[in-house]
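Observations on the model geometry
The chain contents come next:
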Amino acid sequence: MKIVIDPQAAKWMESVLNVKEGDGVRFRVRYGGHSTIQPGFSLGLSVEQPENVVAIEQHNGRLYFVRDDDAWYFDGRDLYVDYLNDEDGVDYRIE
């Protein structure tokens with residue numbers, strides 16, 4: 001699996017999560033919400049240092065990652081994080 005993050009999406013996450021250079025942003029599975037691939041689950045974000053990483057991407061000195069214990073959610077697919085200009089937020093695509 002790989003993570004592909006739009007540069008505008010990375011800037012949005014940096015701002016909203018107050019992520020500093022050297023910090024990590026984890027894409028984590030959470031119970032509830034909406035998903036196109038895993039009903040009853042969705043993705044959440046948390047600021048933490050990477051460990052047991054299955055996929056990682058770097059932008060502006062920040063690390064965006066998925067841990068191995070959340071890999072089941074993606075079912076071997078890649079994560080794309082897009083910026084939504086109209087909504088000033090991000091959208092996740094799993095392909």
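Up top you'll find the structure we're talking about.
The present account deals with the structure reproduced in this document.

1. Quick notes on the overall build of the chain
Secondary structure assignment for the chain yields one helix and seven strands. Reading the chain from its N terminus to its C terminus gives the helix and strand order β-α-β-β-β-β-β-β. Along the first, second and third principal axes, the C-alpha set of the chain runs to 35 × 30 × 20 Å. Counting all 95 residues of the chain, 40% fall into the buried class.

2. Remarks on the packing of aromatic side chains
We describe a pair of aromatic rings using the distance from one ring centre to the other and the angle between the two ring planes. This model, assessed by the stated rule, comprises five aromatic pairs. Between the aromatic rings of Tyr 73 and Phe 74, the centroid separation amounts to 5.2 Å while the plane-to-plane angle is 85°, which identifies the pairing as edge-to-face. The class for Tyr 73 is buried, based on a relative accessible area of 3%. Taken together, the ring pairs connect Tyr 31, Phe 41, Trp 72, Tyr 73 and Phe 74 into an aromatic cluster.

3. So, the environment of Glu 21
For Glu 21, the position within the fold is in the loop between helix 1 (7-17) and strand 2 (24-31). Taking the relative accessible area as the measure of exposure, Glu 21 reaches 63% and is therefore exposed. For the pair Glu 21 and Leu 63, spaced 42 residues apart in the sequence, the C-alpha separation amounts to 8.7 Å. Excluding residues that lie within four positions of it along the chain, Glu 21 makes contacts with Asn 60, Gly 61 and Arg 62.

4. Brief notes about the nonpolar core
If you look at the biggest cluster of nonpolar residues, it comprises 22 residues, and the most contacted ones within it are Ile 5, Met 13, Phe 27, Leu 79 and Val 81. Elements with a minimum of two residues in this core: strand 1 (3-5), helix 1, strand 2, strand 5 (62-67), strand 6 (79-84) and strand 7 (89-94). It is helix 1 that provides the largest number of residues to this core, a total of four residues.

5. Details of the sheet that holds strand 5
Spatially, 3-2-5-4 is the arrangement adopted by the four strands of the open sheet, whose pairing is mixed. The sheet is open, and its two borders are formed by strand 3 (41-47) and strand 4 (53-59), each paired with just one other strand. Taking each pair of neighbouring strands and ignoring which way they run, the sheet shows an average axis angle of 25°.

6. Structural notes on unusual backbone geometry
Positive phi is not limited to glycine here, since Asn 18 has a value of about 55°. For Asp 88, which is not glycine, the phi dihedral falls at a positive 50°. Within the secondary structure, Asp 88 sits in the loop between strand 6 and strand 7. For Asp 88, a relative accessible area of 47% corresponds to the partly exposed category.

7. Observations concerning helix 1
Along helix 1, the residues classified as buried are Ala 9, Ala 10, Trp 12, Met 13 and Glu 14. The distance from a side-chain oxygen at the start of helix 1 to the backbone nitrogen of Gln 8 is 2.9 Å, and the residue carrying that oxygen is Asp 6. Of the residues trailing helix 1, Asn 18 is marked for its positive phi of about 55°.

Reading the values: rules and limits
- Residues numbered from 1 in each chain as written.
- Predicted model: local features only at pLDDT ≥ 70, side-chain atom pairs only at ≥ 80, totals over all residues.
- Heavy atoms only, no water.
- Helix = DSSP H or I, 4+ residues; strand = E, 2+ residues; numbered from the N terminus.
- Buried < 20%, exposed > 50% of the residue type's maximum accessible area, 1.4 Å probe, protein only.
- Phe/Tyr/Trp six-rings, centres within 6.5 Å; stacked < 30°, edge-to-face > 60°.
- Contact = heavy atoms within 4.5 Å.
- Core = buried A, V, L, I, M, F, W, Y, C linked by side-chain atoms within 4.5 Å.
- Pairing = 2+ DSSP bridges.
- Axes fitted to C-alpha atoms, helices over the stretch in contact; angles between N-to-C directions.
- Polar contact = N/O pair within 3.5 Å; in protein donor to acceptor, adjacent residues only side chain to side chain.

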